[in-house]
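If you want the building blocks of each chain, they are given just below.
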Amino acid sequence: MTKTFKTYIEIILLIITGFSPLLPQPIKAVLVLILFILNLKYAKRLDKKKLFTLGVFMYLFILNFIYDLSNISAVDQINILSFYFPLCFLLGFLISQKYSIKEYLYYYEKVIFIIAIFSLIGVALYIFFPDLLWNLPEYNYYHTNHKTAFLFNILISGNSIVKRNAGIAWEPGAFQFLLNLGLYSYIENNEKINLFRVAIYAMAIIFTRSTAGLIIFLLVTFKIFMDDKKARVLIIMSVLIFSVPIIEELFYQIRYKLVGSYAFNIRLQPFLNAFNIGKNYFLGMGNSGFDIYYRNKTTPPWDSIGQIFIRYGYVMLIYILFTLSNLLKQYKLLFFILLITFFSQNIWFFSLVTPFYFYGISCYDINKSANKSQG
């Protein structure tokens, strides 16, 4: 087995342990643990700033866990997430030691592009051959029902197919992150852009019909527009040719997804509730405390920001945002892809995401070295 092949397998595992609804959580945890053990040797490459960042995260996790013990009366009431979250951060640290951010994005894009193509096969099926989808295996994921071809999932509602591209993820809003990160990774690592490749990403993202995804896509498209002359012509032509569906989608987003809509309010209210409740817990409620509170009460927050705040409090949220903000020095668009998605999806602890907390530190060092050499 070649090194490159092993790398692709590792990237695939990082993706599915976070985003695939087909794997039970215990299996995901085992896979993350296996990846952690296999990559332990990269802990020898000590980067003092990354190590300090990891130390702060582990200190906050341990402090929260000690506090959380006051929420339980028996050992079996300890929430396993109190161990899983730190494990994902430890793995993220090792991945950031193993690959440079350029390498990480390069290998990731190669994998996600294939996934994007398969997702469009699913889109073609629900548009042109919807009856075929009802013969696929069915599964439930929390409150949602799906049909799956394993390489893509289709959301269903009652006897209807939800015509949105969910790809390999549990819902379109999560899949948009994988796609937008893939498109960003491609343009970041390639000076000459293959417009066909960009078009594949564009179609896959647009068919998610995710508000956050479309906002991010507009930002990425603007970067392409500014950097590539050939792409400018294609973008302008596409806007003119598809002006009618673009306007229709805009009205759909405004009416059904944005401020004042039902979809917006069902996400906003849990977010506001999390901050209203969590403001009284400086170090957060803890994971067991979170479960106890939300067991018979309001809906928990859907997003990363609310989840971090209510589980781990002010300090963890501020520190996570601080580590991500270091990306602004060299990878501004990547920072906004993460931040916008954090406000809509609970992905902050996924092992695919956690390396970026440490890559921000590397960006700081690169930027500092460049300034010194210029001086």
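Everything numeric in this text was worked out from a predicted model, so none of it was measured.

A.B. asks: Quick question: what am I supposed to make of the pairing of strand E3 (residues 153-157) here?
C.D. replies: Consecutive side chains along a regular strand alternate between the two faces of the sheet. For E3, the tally of buried residues reaches four of five residues, placing the bulk of the element in the interior. Two elements, strand E2 (residues 144-148) and E3, share four bridges in a ladder whose sense is antiparallel. Within the sheet, the bridge partner assigned to Thr 148 lies in E3 and is Asn 153. In sequence, E2 turns back onto E3 through a hairpin of four residues, with Phe 150 there showing a positive phi of about 75°. Here E3 runs beside strand E4 (residues 160-161); their pairing, made up of two bridges, is antiparallel. Looking across to E4, one finds that Ser 157 is bridged to Ser 160.

A.B. asks: Quick question: what am I supposed to make of the confidence of the model for the protein chain here?
C.D. replies: A low pLDDT score tells you not to read the predicted coordinates there in detail. Mean pLDDT over the protein chain: 90, with 94% of residues reaching 70 or higher. This model gives residues 364-375 a pLDDT under 50, and the stretch forms eight contacts once residues within four places in sequence are excluded.

A.B. asks: Teacher, can you tell me more about the environment of Ser 20 here?
C.D. replies: By secondary structure assignment, the location of Ser 20 is in the loop between helix H1 (3-19) and helix H2 (25-38). Look past the residues within four positions of Ser 20 in its chain and what remains in contact with it is Ile 15, Lys 28 and Ile 168. In terms of polar contacts, Ser 20 uses its side chain to reach the backbone amide nitrogen of Leu 22, at 3.2 Å.

A.B. asks: Even after reading the chapter, I still don't get the environment of Leu 321, so can you show me in this structure?
C.D. replies: Here Leu 321 shows up in helix H14 (residues 304-325). Between the C-alpha atoms of Leu 321 and Phe 335, which are 14 residues apart in sequence, the distance is 9.8 Å. For Leu 321, the contacting residues outside a window of four places in its chain are Ile 305 and Leu 339.

A.B. asks: Mind showing me how you'd approach the pattern of salt bridges here?
C.D. replies: Oppositely charged side chains can form a pair if their charged atoms are brought close together. Counted by the stated rule, this structure contains six salt bridges. Across the salt bridge formed by Lys 98 and Glu 10, the nearest N and O atoms sit 2.9 Å from each other. Residue Lys 98 is found in helix H4 (residues 81-98), and its partner Glu 10 is found in helix H1; the two are separated by 88 residues along the sequence.

Each value, and the rule that gives it
- Residues numbered from 1 in each chain as written.
- Predicted model: local features only at pLDDT ≥ 70, side-chain atom pairs only at ≥ 80, totals over all residues.
- Heavy atoms only, no water.
- Buried < 20%, exposed > 50% of the residue type's maximum accessible area, 1.4 Å probe, protein only.
- Helix = DSSP H or I, 4+ residues; strand = E, 2+ residues; numbered from the N terminus.
- Pairing = 2+ DSSP bridges.
- pLDDT = per-residue confidence, 0-100.
- Contact = heavy atoms within 4.5 Å.
- Polar contact = N/O pair within 3.5 Å; in protein donor to acceptor, adjacent residues only side chain to side chain.
- Salt bridge = Lys/Arg side-chain N within 4 Å of Asp/Glu carboxyl O.

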